[in-house]
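Single-letter residue listing:
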Amino acid sequence: MTHILDRLYGLLWGGPMLVLISGVGVWLTICTRCAQVRLFPQSLRRLFRKSSPEEGGVSPFRALCTALAATVGTGNLVGVAGAICLGGPGSVFWMMVFAFFGMAVKFAEAALAIRFRETEDGELVGGPMYMIRARLSRRFLPLAYLYSLCGILASFGVGNMTQVNAIITGIQGITPRFSPLTLGLAVTILVGLAFLKGADSIGRIAEKLIPIASGIYILLCVLFLVIKAPQLPGALSSILTGAFSPKAVTGGLIGSAFKAVQTGCSRGVFTHEAGMGTASIAHASANVRHPAEQGMMGLLEVFLDTFVICTLTALVILCSGIPIPYGTDAGANLTTAAFSAVYGRFGKTIVCIFLVCFAYATILGWSFYGLRCTQFVFGKKAASAFFLLQTAAVLLGAVMKTPQIWRMAEILNGLMALPNLLMLLVLSPELRTLTNSYKPESSIHNWR
């Protein structure tokens, strides 16, 4: 079984997929006239602007937080450490390069989600499945259902059971007095309470949890780097040098520049999820006057997730002075050791706290995606059954071994990315028109 999953993973996430994702990113950068640079100052100004959502809509900030809940996860702590181990410090450079083009992809996903969203029972809904139904012929409709079914299954895998397992592993790393079943019951209760009032409750929790948890994590990283300031130039140098000559930084343990590029791209995609289309499901519910306004929240999502949080994690590891086991995916152990270099015994607690917070947020964010996919396939009445199954999956994930679940979830993500990237290419002329019609200084936009 493991061999089959690995083969499927290799087919879906090999060189062709990475070239496709980066190629689409470059093309959308051209179509939007480099929106990630041109509109970046405007997006920062809009970030905390208050708005009164129309009926069925939410504020752009809440939609952003719901999307960030799914992307700011264990990958920001564990995935970055693994990228450095497997691809060398240079993989961080390539992670940023691909994230730059990923900002254009997320801009497109969020903007087009607004353009083709629908209203169902008073709620604004959208995402790749709605774009496919609206813009492609009926013979392509099975792609919309394939995307939705993969989204449902992924919400139970990478969005639920693996996250619960990360929470339990983190807590038991500090205190083994609680059994996985006991911890699983506690997380099940927390998740069940969040589901009581449906999708709206998920957004409200994300709007509070993500800014607080991310803000505290960023402050702790900045304080760490202030203390380790003398090591910062060397860390930055290792990232730039290792991007083109990994052998010079890793002592020959990683000698291929292609390995640095591949690792940086693949880990970056799994971190910010640009190209998956999932974030557009959250952004579609935002109350905005023009699709480009929510597109700006999409590009900020990648910026905050990768350029800020992932970069800070990488610099903490590289400035810590701890030996890096190149060639081995050390994951959470490396991140924990790095924080402990400054914060001592509290370092393990820091990593555990943020693993728990980010993993819990990911469960909620992916549950929102799974809910919308469920409603697309089975209708509004299936929401209660979906929430019940998601809650049960939390307890199941607490007592299961998850390596195969991770691999299956990554395969499902690949199956979701293919129709989404196809839609982005098909709708790129529409995206160009939307982008050109947006005038930041104007209060009236003609995009319909």
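Residues numbered from 1 in each chain as written. Predicted model: local features only at pLDDT ≥ 70, side-chain atom pairs only at ≥ 80, totals over all residues. Heavy atoms only, no water.

Asker: Would you explain the nonpolar core in this entry?
Answerer: Grouped burial of nonpolar side chains is what soluble globular proteins tend to show. Ile84 and Tyr369 are the most contacted members of the largest nonpolar core, which has 141 residues in total. Counting 5 residues, the second-largest nonpolar core is a separate cluster that includes Val58, Ala63, Ala286 and Val288. (Core = buried A, V, L, I, M, F, W, Y, C linked by side-chain atoms within 4.5 Å. Buried < 20%, exposed > 50% of the residue type's maximum accessible area, 1.4 Å probe, protein only.)

Asker: I'm lost on the pattern of salt bridges in this one. Help?
Answerer: It is possible for side chains of opposite charge to pair when their charged atoms get near one another. Scanning the model with the defined rule gives 9 salt bridges in all. As a salt-bridge pair, Glu123 and Arg372 come within 3.6 Å of each other at their nearest N and O atoms. Taken as a pair, Glu123 in strand β2 (residues 123–125) and Arg372 in helix α18 (residues 346–378) lie far apart in primary sequence, 249 residues in all. A residue is classified by how much of its surface remains accessible, and Glu123, at 23% relative accessible area, is partly exposed. We classify Arg372 as buried; its relative accessible area is 4%. (Salt bridge = Lys/Arg side-chain N within 4 Å of Asp/Glu carboxyl O. Helix = DSSP H or I, 4+ residues; strand = E, 2+ residues; numbered from the N terminus.)

Asker: I'm lost on unusual backbone geometry in this one. Help?
Answerer: Most peptide bonds take the trans form, and the phi angle of most residues other than glycine is negative. A positive phi angle is found at Arg33, which is not glycine, with a value near 55°. Relative to the elements of secondary structure, Arg33 occurs in the loop between α2 (15–31) and α3 (35–38). Given the relative accessible area of 43%, Arg33 is considered partly exposed. Phi angles above zero are rare outside glycine, and Glu273 is one such case at about 65°. Turning to its location among the elements, Glu273 is positioned in the loop between α14 (257–272) and α15 (278–283).

Asker: How do you make sense of the packing of aromatic side chains when you look at a structure like this?
Answerer: When we look at a pair of aromatic rings, we describe it by the centre distance and by the angle of the planes. For the coordinates displayed, the defined rule picks out 19 aromatic pairs. On the numbers, 6.0 Å between centres and 65° between planes, the contact of Phe224 with Phe339 is edge-to-face. Of this pair, Phe224 sits in helix α11 (residues 199–227) while Phe339 sits in helix α17 (residues 332–343), and the two are 115 residues apart along the sequence. The same class applies to Phe224 and to Phe339, which are both buried. Ring plane angle 40° and centroid distance 5.9 Å describe the contact between Phe354 and Phe358, whose orientation is recorded as tilted. Of this pair, Phe354 and Phe358 both sit in helix α18, 4 residues apart, which is roughly one turn of that helix. For Phe354, a relative accessible area of 5% translates into the label buried. (Phe/Tyr/Trp six-rings, centres within 6.5 Å; stacked < 30°, edge-to-face > 60°.)

Asker: Hey, could you run me through empty space enclosed by the protein in this one?
Answerer: Over the atoms rolls a probe the size of a water molecule, and its path tells where empty space is left. Tallied over the full model, the rule gives 1 cavity of 30 Å³ or more. Estimates place the volume of the largest cavity at around 90 Å³. Of all the secondary-structure elements, those providing two or more residues to the lining of the largest cavity are α2, α7 (90–115) and α14. When residues in the lining of the largest cavity are grouped by element, the largest group, 4 residues, is from α7. A class-by-class count of the residues in the lining of the largest cavity yields 7 nonpolar, 5 polar and no charged. (1 Å grid on protein atoms, 1.4 Å probe; cavity = no way out; pocket = protein on both sides within 12 Å on 5 of 7 lines; lining within 4 Å. Points joined across faces, edges and corners; volume = space filled by probe spheres on them. Nonpolar A, V, L, I, M, F, W, Y, C, P; charged D, E, K, R; others polar.)

Asker: Would you take a moment to explain helix α10 (residues 180–195) for this structure?
Answerer: Given 3.6 residues per helical turn, the α-helix brings residues three or four places apart onto the same face. In this model α10 runs 22 Å from its N-terminal to its C-terminal C-alpha over 16 residues, within 8% of the 22 Å that 1.5 Å per residue would give. Turning to α10, its buried residues are Leu183, Gly184, Val187, Thr188, Val191, Ala194 and Phe195. All buried residues of α10 project into a common sector of 140° when viewed along the axis, lining one side. Counted as exposed and oriented over 90 degrees from the buried face of α10: Ile189 and Leu193. (Expected span 1.5 Å × (residues − 1). Arc of directions from axis to C-beta.)

Asker: I would appreciate a short explanation of the environment of Thr32 in the present structure.
Answerer: Mapped onto the elements, Thr32 comes out in the loop between α2 and α3. Residue classification places Thr32 among the buried positions, given a relative accessible area of 0%. Each C-alpha atom, one on Thr32 and one on Ser384, is 40 Å from the other, the two residues being 352 residues apart in sequence. In this structure Thr32 touches Arg38, Phe107, Leu431 and Thr435, once residues within four positions along its chain are discounted. In this structure the side chain of Thr32 is engaged in a polar contact, spanning 2.8 Å, whose partner is the backbone oxygen of Leu28. Here Ala35 takes part through its backbone nitrogen, which lies 3.3 Å from a polar atom of the side chain of Thr32. (Contact = heavy atoms within 4.5 Å. Polar contact = N/O pair within 3.5 Å; in protein donor to acceptor, adjacent residues only side chain to side chain.)

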